[in-house]
Amino acid sequence: MFHYFNSPFGGFKVSISNLYGLNLILISMNDKRKNARTQGRFSSSDKDKDKQNEQKKSPPTNKNSDKPQNESFNSQSATKKIDVKYTSESNYSFEEFTKRKPEELKFDGRKEISKTENGVSEMIYNKNFLTEDEADHLRTVLSSSTEWNEKNIVIQGVEYPQPRLVAWYGPLPYSYSGTTLEAKEMPPSILQLKHRVEDYLKMFNINVELNSVLLNLYRDEKDSVAWHSDDELSMGVCPTIASVSLGAIRKFEIRPKKHVKDLADDTMYYINLSHGSLLIMDGSMQKDWMHRVPKEYHDKSARINLTFRTVYCND
């Protein structure tokens, strides 16, 4: 069966089977044109697709560098050590801060510590002022007979428990850091020790009458005394302080006050005060220096410290 068509070029006939195939061809061509219009510029050739895939695989590069920009995100580079170096052109500056460790003072006898407009600061140390038997006996007597006080002190308006026990013997009360210790007569054992210390001071031309004594009981390594100077008005201008130690060895640290210009701000010395030793601070020590007994990091047994001094009436 045939179908006749008319055209400007004349008529022609097409069989029905061929006409059906022609319709399929026309439909297929229409679908392609429709897809092309729908996809527009997003449609690309196989070559374009291959080029896009290659760009995805290779990382973007910096115009000013031959290395890929995302190298820093590589799993291996994340474990690399970064060394930052600063040159003279750097805008950053870091001040190196080091804390100087206390320097141990090892001496026996008299030692000049500093010299300022206030005068000479000196210390006298006798490691074996008391024999071991004498020191043991005195420690036993004081441990059993002394009435120890647990006082609170006031620092910048705040009251704190004092990290040690204290006792006071002398003709006048003694006040410091917001607390007062009442006058009390020296017992015979301490009075005898006082005379012995005074006689020892005369060997260095230091003639003083030590009429008072402050006892400190450091129960363990946690007990301490903070930075201070024994510069109360009741003790005069340049007091002589004589300290006898009984029991555990403890560090005694000193540091200059800020007005002492000849020494670095972080200057610090220490002495290990042993059982039965005598340490004397004389001259301008209380004007130019501070001292303390710090807490310890290792276990310490009890230590008794007797600090003899002269107290005057301020009236």
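Computed from a predicted model, the values in this text were never measured in an experiment.

Novice: Can you lay out the overall build of the protein for me, pointing to particular residues and giving the numbers?
Specialist: Across its full length, the protein carries five helices and 18 strands. When burial is assessed residue by residue, the protein has 36% of its 315 residues classed as buried. Once local pairs closer than 6 in sequence are excluded, the contacts in the protein between residues at least 24 apart make up 72%. In the form shown here, the protein has an accessible surface area of approximately 21700 Å², with 50% of it arising from carbon and sulfur atoms.

Novice: Residues and numbers for the sheet that holds strand 8 (residues 165-169), please.
Specialist: On the basis of which strands lie adjacent, the open sheet formed by seven strands has the order 4-5-16-13-18-11-8 and antiparallel pairing. On the outer flanks of this sheet lie strand 4 (109-116) and strand 8, each paired with one strand and no other. Pairs of neighbouring strands in the sheet enclose a mean axial angle of 15 degrees, with direction left out of account. Lying on the sheet, helix 3 (residues 132-145) is in contact with strand 11 (212-218), strand 13 (241-247) and strand 18 (303-309); it crosses strand 13 at an angle near 90 degrees.

Novice: Kindly report on the confidence of the model for the protein, identifying the contributing residues and their values.
Specialist: Residues of the protein with pLDDT of at least 70 account for 68%, and the chain-wide mean is 80. Predicted confidence for residues 63-98 stays below pLDDT 50, and this span has 13 contacts to residues more than four positions away or in other chains.

Novice: Which residues make up the packing of aromatic side chains, and what are the values?
Specialist: Tallying each qualifying case throughout the model produces six aromatic pairs. Pairing Trp-168 with Tyr-174 gives two aromatic rings, centres 4.5 Å apart and planes at 15 degrees, and the pair type is stacked. Note on Trp-168: relative accessible area 3%, which makes it buried. Geometry around Phe-129 places Arg-196 over its ring, the cationic atom sitting 5.3 Å from the centre. The residue whose ring lies beneath Arg-255 is Trp-227, and the NZ or CZ to ring-centre distance is 4.3 Å.

Novice: Give a description of the pairing of strand 7 (residues 158-161) that names residues and reports values.
Specialist: The side chains of a regular strand alternate between both faces of the sheet. Examined bridge by bridge, strand 6 (residues 152-155) and strand 7 share four bridges and lie antiparallel to one another. Bridge pairing in strand 7 links Ile-153 to Tyr-160. Connecting strand 6 to the antiparallel partner strand 7 that follows it, the hairpin turn spans two residues, and Gln-156 within it adopts a positive phi of roughly 50 degrees.

Novice: Break down the pattern of salt bridges for me, citing the residues and quoting the values.
Specialist: For the structure shown, the criterion picks out nine salt bridges. The closest approach of N and O atoms between Glu-147 and Lys-184, which form a salt bridge, is 3.3 Å. Note that Glu-147 is positioned in the loop between helix 3 and strand 6 and Lys-184 in the loop between strand 10 (179-181) and helix 4 (188-202), a separation of 37 residues in sequence. The exposed category is assigned to Glu-147, whose relative accessible area is 54%. By relative accessible area, which is 36% here, Lys-184 ends up partly exposed. Between Lys-257 and Asp-231 there is a salt bridge, with its nearest N and O atoms 3.6 Å apart.

Novice: Give me the lowdown on the environment of Asp-299, citing residues and values where you can.
Specialist: With respect to the helices, strands and loops of the structure, Asp-299 is situated in the loop between strand 17 (289-293) and strand 18. In this structure the C-alpha to C-alpha distance between Asp-299 and Glu-221, which are 78 residues apart in sequence, comes to 5.8 Å.

Novice: Help me get a handle on the nonpolar core, residues and values and all.
Specialist: With 29 residues, the main nonpolar core has Ile-190, Leu-193, Val-197, Val-244, Leu-246, Leu-306 and Phe-308 as its most contacted residues. For this core, the secondary-structure elements that each account for two or more residues are helix 3, strand 8, helix 4, strand 11, strand 13, strand 16 (278-283) and strand 18. In terms of residues, this core owes the most to one element, helix 4, which gives five residues. Judged by nonpolar contacts, the second largest core, of 27 residues, contains Met-123, Tyr-125, Met-235 and Ile-271.

Novice: I'd love a proper account of the pairing of strand 16, names of residues and values included.
Specialist: For strand 16, the buried fraction is high: five of the six residues fall into the buried class. By the bridge criterion, six bridges tie strand 5 (residues 119-126) to strand 16 in an arrangement that is antiparallel. What sits directly across from Met-123, in strand 16, is Met-281. Sheet analysis places strand 13 next to strand 16, joined by four bridges and oriented antiparallel. Residue pairing across strands places Ile-241 opposite Met-281, the latter belonging to strand 16.

Novice: I'd like a description of the sheet that holds strand 15 (residues 269-273), backed by residues and values.
Specialist: Strand order in the open sheet made by the five strands is 3-15-14-17-12, with mixed pairing throughout. A single partner strand is all that each edge strand has here, and the edge strands are strand 3 (103-104) and strand 12 (225-228).

Parameters and conventions
- Residues numbered from 1 in each chain as written.
- Predicted model: local features only at pLDDT ≥ 70, side-chain atom pairs only at ≥ 80, totals over all residues.
- Heavy atoms only, no water.
- Helix = DSSP H or I, 4+ residues; strand = E, 2+ residues; numbered from the N terminus.
- Buried < 20%, exposed > 50% of the residue type's maximum accessible area, 1.4 Å probe, protein only.
- Contact = heavy atoms within 4.5 Å.
- Areas by Shrake-Rupley, 256 points an atom, 1.4 Å probe, with all protein chains shown as cover.
- Pairing = 2+ DSSP bridges.
- Axes fitted to C-alpha atoms, helices over the stretch in contact; angles between N-to-C directions.
- pLDDT = per-residue confidence, 0-100.
- Phe/Tyr/Trp six-rings, centres within 6.5 Å; stacked < 30°, edge-to-face > 60°.
- Lys NZ or Arg CZ within 6 Å of the ring centre and 35° of its normal.
- Salt bridge = Lys/Arg side-chain N within 4 Å of Asp/Glu carboxyl O.
- Core = buried A, V, L, I, M, F, W, Y, C linked by side-chain atoms within 4.5 Å.

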